[in-house]
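Coordinate analysis (summary)
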Amino acid sequence: MATINPVQFIQQVRAEVGKVVWPTRREVLLTTVMVFIMAALTAVFFAMVDLAIRSGLNGVLGMFG
């Protein structure tokens, strides 16, 4: 494994950080809103699935109980 001079390492890190493309405020806001919408839709979906399974299970158990 090659040893790297600490100064050379810092220079390489700065060069790599300079290549990073940071998102704009609008992009961050848009993706945040999309995440909240998808989380809400997922929650509603799983609530409906839970309700369907619970109703079906109560119906089956009600026939034998």
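Definitions and limits used
- Residues numbered from 1 in each chain as written.
- Predicted model: local features only at pLDDT ≥ 70, side-chain atom pairs only at ≥ 80, totals over all residues.
- Heavy atoms only, no water.
- Helix = DSSP H or I, 4+ residues; strand = E, 2+ residues; numbered from the N terminus.
- Rg over C-alpha atoms; globule rule 2.2 N^0.38 Å.
- Buried < 20%, exposed > 50% of the residue type's maximum accessible area, 1.4 Å probe, protein only.
- Areas by Shrake-Rupley, 256 points an atom, 1.4 Å probe, with all protein chains shown as cover.
- UniProt positions renumbered as here; feature names shortened; annotations may be inferred.

Within the protein chain, the secondary structure is distributed over two helices and zero strands. Computed over the C-alpha atoms, the radius of gyration of the protein chain is 26 Å, more than 25% above the 11 Å expected from 2.2 N^0.38 for a compact globule of 65 residues. With respect to the principal axes defined by its C-alpha atoms, the protein chain has extents near 75 × 40 × 10 Å. Buried positions account for 0% of the 65 residues belonging to the protein chain. A total of about 6400 Å² of accessible surface is found on the protein chain, and carbon and sulfur atoms cover 73% of it.

In this section: the UniProt feature "transmembrane region" (unreviewed entry) in the protein chain. The sites that carry the UniProt feature "transmembrane region" (unreviewed entry) are, in the present numbering, residues 28–53. Between the C-alpha atoms that bound residues 28–53 there is a distance of 37 Å. The span itself is 100% helix and 0% strand.

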